[in-house]
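# A look at the structure
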Amino acid sequence: MIQLDDITKRYGSKVILNGVTEKIETGEFFVILGPSGAGKSTLLKVFAGIEKLDKGKIIVDGKDITNLPPEKRNVAMVFQNYALYPNMSVYDNIAFPLKVRRLSKNKIDEKVRNVAKLLGISDILNMNVTKISGGQQQRVAIARAIVREPSFYLLDEPLSNLDARVRFVARGELKRIQKELNGTFIYVTHDQKEAMSLADRVAVLHNGNFEQVGKPMDLYEFPKTRWIGEFIGDFPMNFLPGKELGLEEGIEIGFRPEWIKEGGELKGTVESVEVLGENVYAFCTVKDYRITILVRKTVDVGDEITFGVTKFRKFRDGKLLE
Ligand code: ADP
């Protein structure tokens, strides 16, 4: 288990991490999600030991590693701009960290072949890394990082260089590899879709702290704050003053585009339409508010739609009411 205790990091007078505290279980796929500039990479560097803390502790399996240098931490890192050794074969790239550790030739061979099998790159071991595809290079980088059997893995947007179609497959593979290794993965991304599809738990980093930590579906269903409701989901959660539904002043209601039914107390004008296969999303104005709803029939710009809300959450001052 990894414990983060009051992790605090400043650059000059700017507070980037403001007392982050959380426990990450062994074998967990833990995704840190936040917009650009939230401090995700900084937090990852703190894990790796590349950045020093101003305050706080990191405890791994009961051992305080806060002041250990990076090379003593036994962590694997896979970054967006992975650098493979260009003049070496796939095999030698993966074997490199083991050679540095002076493992025997036989042991190295066994480990390289095992990890290559896990990543599905056994057939390209003898190729030069400059002669293989981007997706394959990505796997080699992951193989090289995991071959050392580290105590945990740090991944900083490792799939962002892949095009959308390959990325979808790569996500599935990464998840499979993580489960097979029973590895503790700490994965950073700004892409909520990626976070939702990979994570056992997502931690949303905002204003220097984890604003919410939870299972993907819990974040979607019960965002702790309006900000998270709007950040998570393919479309932001919709918000309306509670009085539009006969609730008291000061309450806001939040609802997802699909938490609605045809016919009801709300009336909107369609401003634009997005067709995603069978799902048609209509962007409407309801009085002065912009609302996105999922409709089951074709609608046109300018149409008037009446609808009701089948499920909603209550918020006050931007915070979810229990
Ligand atoms: P993210 O990974 O979420 O995009 P970063 O951790 O890279 O965010 O950066 C968080 C904030 O810290 C940004 O405002 C960035 O400009 C600032 N920052 C990052 N590294 C340094 C540094 N070495 N010195 C000063 N400011 C930095």
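Attention in this report is confined to the structure presented alongside it. Everything numeric in this text was worked out from a predicted model, so none of it was measured. (Residues numbered from 1 in each chain as written. Predicted model: local features only at pLDDT ≥ 70, side-chain atom pairs only at ≥ 80, totals over all residues. Heavy atoms only, no water.)

Turning our eyes to something else, we now look at the packing of aromatic side chains. On inspection of all chains with the given rule, the structure shows 10 aromatic pairs. Between the aromatic rings of Phe30 and Phe210, the centroid separation amounts to 6.1 Å while the plane-to-plane angle is 55 degrees, which identifies the pairing as tilted. Placement of Phe30 in strand S3 (residues 29–33) and of Phe210 in strand S10 (residues 209–214) is noted, with a sequence separation of 180 residues between them. Overall, Phe30 belongs to the buried group, its relative accessible area being 0%. Plain terms: the ring middles of Trp227 and Phe231 are 4.9 Å apart, the flat faces sit at 20 degrees to each other, and that makes the pair stacked. (Phe/Tyr/Trp six-rings, centres within 6.5 Å; stacked < 30°, edge-to-face > 60°. Helix = DSSP H or I, 4+ residues; strand = E, 2+ residues; numbered from the N terminus. Buried < 20%, exposed > 50% of the residue type's maximum accessible area, 1.4 Å probe, protein only.)

We now examine the sheet that holds strand S5 (residues 63–64). In spatial order, the strands read S2-S1-S4-S5; together these four strands make up an open sheet with antiparallel pairing. The sheet is open, and its two edges are formed by strand S2 (14–24) and S5, each paired on a single side. Sheet analysis places strand S1 (residues 2–11) next to S2, joined by eight bridges and oriented antiparallel. By the bridge assignment, Thr8 is partnered in S2 with Asn18. This element, helix H1 (residues 40–48), spans S1, S2 and strand S4 (55–60) of the sheet and lies at about 120 degrees to S1. (Pairing = 2+ DSSP bridges. Contact = heavy atoms within 4.5 Å. Axes fitted to C-alpha atoms, helices over the stretch in contact; angles between N-to-C directions.)

By the secondary structure assignment, Arg73 is in the loop between S5 and strand S6 (75–79). With no salt bridge to any partner, buried Arg73 finds its closest opposite charge in Asp64, at an N-O distance of 7.5 Å. If we ignore the near neighbours within four places in the chain, the residues touching Arg73 are Val46, Phe47, Ala48, Gly49, Ile58, Ile65, Thr66, Asn67, Leu68 and Ser151. (Lys, Arg positive; Asp, Glu negative; His and termini not counted. Salt bridge = Lys/Arg side-chain N within 4 Å of Asp/Glu carboxyl O.)

Turning next to the site of the ligand. Tyr11, Lys14, Ile16, Pro35, Ser36, Gly37, Ala38, Gly39, Lys40, Ser41 and Thr42 make up every residue found near the ligand. In the model, an oxygen atom of the ligand is placed 2.9 Å from a nitrogen or oxygen of the Lys40 side chain. Coverage of the ligand by the protein chains reaches 60% of its 570 Å² of free accessible surface. At the level of secondary structure, the elements contributing two or more residues to the shell around the ligand comprise S2 and H1. With three residues, the single largest contributor to the shell around the ligand is H1. Residues that form the shell around the ligand fall into these classes: four nonpolar, five polar and two charged. (Near = heavy atom within 4 Å. Polar contact = N/O pair within 3.5 Å; in protein donor to acceptor, adjacent residues only side chain to side chain. Areas by Shrake-Rupley, 256 points an atom, 1.4 Å probe, with all protein chains shown as cover. Nonpolar A, V, L, I, M, F, W, Y, C, P; charged D, E, K, R; others polar.)

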